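# Observations on the three-dimensional arrangement
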Amino acid sequence: MNKDSFVRQIPLITLLALGAAIALATDRFLTPLNLTNVLVQASVITVVAMGMTFVILGGGFDLSVGSTVALSGCVAAAAMMKAGIAAGVAAGVGVGALVGLVNGLVVTVLGVNPFIATLGSMVMVRGIVYLFTGSEQVPLDGTLPKPFLDFGVERFLGVHYLVWLPAVLLVALSWVLAKTPYGRGVYATGGGREAAFLSGIHVDRVITSTYVWCGALSGVAGVMLASRLQSGQPTAGEFYELTAIAAVVLGGTALQGGEGKLYKTVIGVFIMVVLGNGMNLLNVSSYWQRVAVGLVIIAAAAADQLRHRR
Amino acid sequence: MTPILVAEDVSKHYFATQALDHVTFAIAPGEVHALVGENGAGKSTLIKVLGGICRPDSGRILLDGSEARFHAPADAFAAGIAVIAQELRVVPSLSVAENVMLGHLPTRYGAVDWERTRAAAKEALARLNLALDLDAPVGSFNFAERQSVAIARALSRRARVLILDEPTAALEDREVERLFEVIRRLKSQGVAVLYVTHRLEEIAAIADRCSVMRDGRVVAGHGRGEFGIHDLVVEMTGREIDLERPGSGETAGAVLLHDVTDERLALRERHILGLAGLLGSGTSQLLRRLFGAERGARYTLRGEEFAPLHPSQAIAAGIGMVPNERALGLVLSHSIRDNIVLPNLKRFGKGAFARMDERAIDDVVRGLIKALDIRPAVPHAVVRSLSGGNQQKVVLAKWLAGRVSVLLMDEPTQGIDIAAKTHIHRLIREFAARGNSVLFASSELHEMLSLADAVLALRDNAIQGRFDRGSGLTERVLRDAMHGQR
Amino acid sequence: MKRIATLIAVAVVLLAGAPAIAQQKITVGVSLPQDDNPFYIALRRGIDGRAKELGWDVIYVSSQEDKQKQINGVQDMIARGVKGILISPIDATAVNAAYDAAAAAKLPIISVARASTSPNQTLHVAMDEKQIGRDVANWTINAVGGKGKVALLAGPAGSPTFKNVLDGYTEVMAKNRGMSVVFNQFGALSRERGLKQAEDALVANPDLVAIYAANDDIALGASQAVASAGKKGKVVITGMNGVPPGLRGVKDGAIGLTVELNPVTWGRLGVDVLAGYLKGEKYKQQVFIKHVLVDAKNVDTVLPK
């Protein structure tokens, strides 16, 4: 294994080393119950992080994912109470895609810097969630349809539905990115926007589409979370954007765009979730947990800089 | 006379390219030394090393006989070496006085002393025999005047070596004369002037010595009286220019593409058309308009109306474009294979979300790598690590894979070594010979003369004239048209 | 001529009097730390209800846990001419500037729920935080038979209210030899956090007998974790606030105990105290609200219809 491929495997090695260290520190880590918990705890944020990866590959950035998760969950729950599960899910994912579309258009048509544009929508969407729900959970009285609640708890072939969903999405979306003309267009747009343009790629359309993917996936995550929490929560999704971005960086995808893979982001997510789980099992104080997470994020960003120095 | 600045056995490489190969170079005080060479010969790199912009891999720089190590351009500037780049680097929004004294504004109790600033600026300009309105913003002056401000800035820092990079590229003849006067004055004041140029006829007018670079080496040095243009060109290119064998070597066929409003802009089968123009004359914009990267084009393509609004339309019509910067023609972080596929996605995958025919891609890529002799011959090699010549071949491969019939090229051999240059010229001729058409812009007039069947001279975004081979196409005629002389 | 003059005089008197008549309506300002917490939503309902009965106008300013915003909001209210202020300060000391502003304008400023250290605080209408903590702890010890491991899912770090309640709780727990605290984490007041931390706490300590949750949202999240681990009925969960989802949780048996602070009554009390103060009545510095422990035994009496 030469130096370059070793560097590329650092995220996976980090995850394994972290897991080993925690397993040595507490025998509760490797129990089936805990490992199942970790998978389920990671499921929602994995979907969000995959969406974030799309946007970053295309050269953009999306800070509004957390707010979109909350909005989608509440809209889905509300719609579900009135019109059934299918309508609820469609509404949740649809509203997420809509937020993504708005983000994409603001960035491409109005030319606003993605950081600022999605910072604005992050704040706006959160406000809309509170307006929509009156700051209370959805539904306030009553419960969501049983099959929907079951989805958040039941398993298929021993694995939670909540875990199957991101796994299936990972396979399907990885294929789209790696093998289809659309996927090549995304990578090219992120890797060299002008060069992509001069090779016939409709870069504005591609960029907007990455934001729509991100919004829609945040919508899916919102629906998943509503199932897990048995309600739509307006406070949901706090700090998701930071966790998602940290996961992308930890996984080794460059923040400038043009290079990276979805599975790498998933490894990054697991590093964050395993770290948090380990610290909880060891009852590390909350204050130290925050310090640890912050250090990990900075270390990952620094490693990203060194790796991708252009 | 002892030289003031010496580059001793200096070498430098960028990735796979050896930009400077054991170069030794010296310039004496009060000497005007011209440096010539084709694109990619190493002139820019030598200037960067002398001016402290980059560090050599090996060898040393001697200033006044002792070794100098520059960690930043500021060090070289402070030591008395000033580089006046083609882009000038003056701040348009600041005044003349402030620009001249930029970086070392005199202060009084912490605040800027504007009186001393203006006095110093006035003195520096006086050395150039020039008086400008010291308070006017520099952006309000023309290129020649801004260039004088840049030179004055160097003088205000007591520059003893002035390096001028293509100073006359954007000047009219009258202004060139003025610049020569300035140089003669500075020469008499003991300033050493290193004068990098493409314009060989200027050397006889101004230089004391001339060094020729080729492929990263200094291959010849001449004194006054030895500045014959033909000899210099042979040294620069390493071969004789064949003005007898015309452009594409073929007879032109039917018109493929022409401008509705100006019939001089007509691309024919088996025909190579050149575009000659100074910096800012509009050559790049014209090419971009033809390609749909900019609006405002109305053409006829194979008899039908053609007004491309986006490059994808031009590509679908069989047109390809090689831009004037590699970063615009390639996604540098991607592989050879990825780049070749990019404009041809539709060919290899029907529909945005369809699976692509990876086998077919592999075959096409391998074939092109072989045909164009791209090195390293590894489809997954990242394009950034390739030499300039090989990178440009990948750009060509993109369009050959798509079987375009019209190739637009902006500075096709910029930054490429001699061998690759020859190869690319051959590829262009072969492309045309197959029944296709080429329109290329180049600032190297002998490249233009050797390759083109006809040349359009451009100035201020308008075609000034068309000169066909065999009926009055000479360097002099072209220059006049580009400069606006009758 | 005389008639027109009289008409003009009457009109002038009416016009002059109109603002005076309008001024009979009292306007008060209210500044709460959050808009989205069910507790504060209910508190607001109480304030609005009582103010309406008294014919008062109420101006609200939003702060969303932003201290600077709360200070600015109070200053704005004073500028708009309120007669008094009800405030639940985000932080015990950081918003003292708001109290100073009220004192400078000679307006009463009464803290509701959370308290401030500012000497300009007129009154504090509150719950006896430490006592609540003690009561919850005693109830828990009773419910688990005096011995076992406890997990604490505490409120946001730095909030004095939650800290005081927790202190009361841990004080009692420390005195009791049979109980031990094996998990103690701060966090957000959200269901998601409750679920995640409870899951991990249960894995680390499979023989856990009790979970202390800083509010009902956290408790409900924890109850899901307990249910999925198959330990419903074996782990006792306590919450706080007594909001409808929490009360329903007690009825369903998901939560063992919540504390009804009845924020609606609280809000009404706050308005009454302010009204009384404006009339000149005297009050003690600290006006306590009675809190009610709600468990399966008495939950039916407090559930909303």
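The structure presented is a predicted model; accordingly, all values stated were derived computationally and were not measured.

The rules behind the values
- Residues numbered from 1 in each chain as written.
- Chains lettered and ligands numbered in written order.
- Predicted model: local features only at pLDDT ≥ 70, side-chain atom pairs only at ≥ 80, totals over all residues.
- Contact = placed C-beta atoms within 7 Å.
- Helix = DSSP H or I, 4+ residues; strand = E, 2+ residues; numbered from the N terminus.
- Nonpolar A, V, L, I, M, F, W, Y, C, P; charged D, E, K, R; others polar.
- Buried ≥ 20, exposed ≤ 12 C-beta atoms within 10 Å, placed from the backbone.
- Pairing = 2+ DSSP bridges.
- Right-handed = clockwise from strand over helix to strand, strands pointing away.
- Domains from an automatic or database assignment.
- Axes fitted to C-alpha atoms, helices over the stretch in contact; angles between N-to-C directions.
- Arc of directions from axis to C-beta.
- Left-handed = near helix turned anticlockwise from the far one by under 90°.
- Parallel < 35°, antiparallel > 145°, perpendicular 65-115°, else oblique.
- Core = buried A, V, L, I, M, F, W, Y, C linked by C-beta atoms within 7 Å.

Further remarks concern the interface of chain A and chain B. Every contact between the two is made by 20 residues of chain A and, on the other side, 26 residues of chain B. Only α8 (161-179), α9 (181-191) and α10 (193-197) of chain A provide two or more residues apiece to the side of chain A that touches chain B. Considering each element in turn, the side of chain A that touches chain B owes the most residues, six residues, to α9 of chain A. A class-by-class count of the residues in the side of chain A that touches chain B yields eight nonpolar, eight polar and four charged.

As a further point, take helix α9 (residues 244-252) of chain C. Residue and element names in this part refer to chain C. When we look at burial in α9, the residues that qualify are Pro245, Gly246, Leu247, Gly249 and Val250. Lining the buried residues of α9 we find α8 (216-228), β10 (257-260), β12 (292-295) and α11 (299-302). Among the residues trailing α9, Gly253 stands out with phi positive, at a value near 90°.

Right, let's talk about the interface of chain A and chain C for a bit. Contacts between the two partners involve 23 residues from chain A, matched on the other side by 24 residues from chain C. The set of elements that each furnish at least two residues to the side of chain A that touches chain C consists of α3 (32-57) and α13 (262-281) of chain A. It is α3 of chain A that provides the largest number of residues to the side of chain A that touches chain C, a total of four residues. The residue inventory of the side of chain A that touches chain C, partitioned by class, reads seven nonpolar, 13 polar and three charged.

Here we take up the environment of Val477 of chain B. For Val477 of chain B, the position within the fold is in helix α18 (residues 475-483). Ignoring any residue separated from it by four or fewer positions in sequence, one finds Val477 of chain B in contact with Phe467 and Gly472 of chain B.

All names here are of chain C. Two strands pair when backbone bridges link them, and strand β1 (residues 27-32) and strand β2 (residues 57-62) are joined in this way by six bridges, in the parallel orientation. Residue pairing for β2: Gly29 is matched across the bridge by Ile59. In this view, the connection linking β1 to its parallel neighbour β2 by way of helix α2 (residues 38-54) has right-handed handedness.

All right, on to the pairing of strand β7 (residues 179-185) of chain C then. Regular strands place side chains that alternate from one sheet face to the opposite one. Residue and element names in this part refer to chain C. Note: strand β6 (residues 148-153) against β7, six bridges, orientation parallel. Note on β7: the bridge partner recorded for Lys149 is Ser180. What joins β6 to β7 is helix α6 (residues 160-175), and the crossover it makes is right-handed.

With that out of the way, let us pick up the domain arrangement of chain B. All names here are of chain B. Here the domain parsing of chain B yields domain 1 (5-237) and domain 2 (255-483). Each of domain 1 and domain 2 has a C-alpha centre, and these two points are 33 Å apart. Tallying the contact residues gives 15 residues for domain 1 and 17 residues for domain 2. In terms of residue class, the side of domain 1 that touches domain 2 is made up of five nonpolar, five polar and five charged.

Where two pairs of chains are in contact, the pair with the most contacts is made of chains A and B. One thing to see here is that chain B and chain C don't touch, and their nearest C-alpha atoms sit 36 Å from each other.

With that settled, consider the sheet that holds strand β4 (residues 109-112) of chain C. Residues and elements named next belong to chain C. The sheet built from six strands is open, its strands ordered β2-β1-β3-β4-β5-β11 with parallel pairing. Edge positions in the open sheet fall to β2 and β11 (286-289), since each of these has one partner strand only. On average, each strand axis in the sheet is inclined to that of its neighbour by 20°, with strand direction left out of account. As defined by bridge partners, strand β5 (residues 123-127) adjoins β11 across four bridges and the pair is classed as parallel. Within the sheet, the bridge partner assigned to Met127 lies in β11 and is Ile289. Across the sheet, α2 lies against β1, β2 and β3 (84-87), angled at about 175° from β1, the strand it touches most. Each of β1, β2 and β3 touches helix α3 (residues 67-79); the most contacted strand, β1, lies at about 175° to it.

Residue and element names in this part refer to chain C. Within helix α4 (residues 96-104), the full set of buried residues consists of Ala98, Tyr99, Ala101 and Ala102. On an axial view of α4, the arc spanned by its buried residues comes to 160°, and they lie on one face. Where α4 is buried, its residues touch α3, β3 and β4.

Here the focus is the packing of helix α12 (residues 240-250) of chain A against α13 of chain A. All names here are of chain A. As a packed pair, α12 and α13 sit with axes 7 Å apart at the nearest point and diverge in direction by 115°. The element α12 and its partner α13 pack so that their crossing is right-handed. In this structure, α12 contributes Thr243, Ala246, Ala247, Val248, Val249 and Leu250 to the contact, and α13 contributes Thr265, Gly268, Val269, Ile271 and Met272. Looking at the contact of α12 with α13 residue by residue, the classes come out as eight nonpolar, three polar and no charged.

A word on the packing of helix α5 (residues 129-144) of chain C against α6 of chain C. Packed helix pairs are characterised by how far apart their axes lie and by the angle those axes make with each other. All names here are of chain C. Running from N to C, α5 and α6 point in directions that differ by 40°, and their axes come no closer than 7 Å. As summarised for this structure, α5 and α6 are arranged oblique, according to the angle between their axes. The chirality of how α5 crosses α6 is right-handed. Packed against α5, whose contacting residues are Glu129, Lys130, Gln131, Ile132, Gly133, Arg134, Val136, Ala137 and Asn138, the element α6 presents Thr161, Asn164, Val165, Leu166, Asp167, Gly168, Tyr169, Glu171, Val172 and Met173 at the interface.

This next bit is on the nonpolar core. Core analysis: the biggest nonpolar cluster contains 256 residues, and Val48 of chain A together with Leu153, Ile211 and Ala222 of chain C have the highest contact counts within it. Once you skip the residues sitting within four places of it in the chain, Val48 of chain A turns out to touch Val65, Val69, Leu217, Ser218, Ala221, Tyr240 and Ala244 of chain A. Counting 71 residues, the second-largest nonpolar core is a separate cluster that includes Leu20, Ala79, Leu132 and Leu232 of chain B.

Here we come to unusual backbone geometry. Omega for the peptide link from Val138 of chain A to Pro139 of chain A comes to -5°, which places this bond in the cis form. Within the fold, Pro139 of chain A resides in the loop between α6 (114-133) and α7 (146-151). In this structure, Pro376 of chain B follows Arg375 of chain B across a cis peptide bond, with omega equal to 0°. Inspection of the secondary structure puts Pro376 of chain B in the loop between α14 (358-372) and α15 (388-401). Phi is positive for Asp215 of chain B, close to 55°, though the residue is something other than glycine. Relative to the elements of secondary structure, Asp215 of chain B occurs in the loop between β11 (209-214) and β12 (217-223). A residue is classified by how many C-beta atoms lie within 10 Å of it, and Asp215 of chain B, with 17 of them, is partly exposed. Residue Ala113 of chain C is not a glycine yet carries a positive backbone phi of 70°. By the secondary structure assignment, Ala113 of chain C is in the loop between β4 and β5. For Ala113 of chain C, a count of 25 C-beta atoms within 10 Å translates into the label buried.

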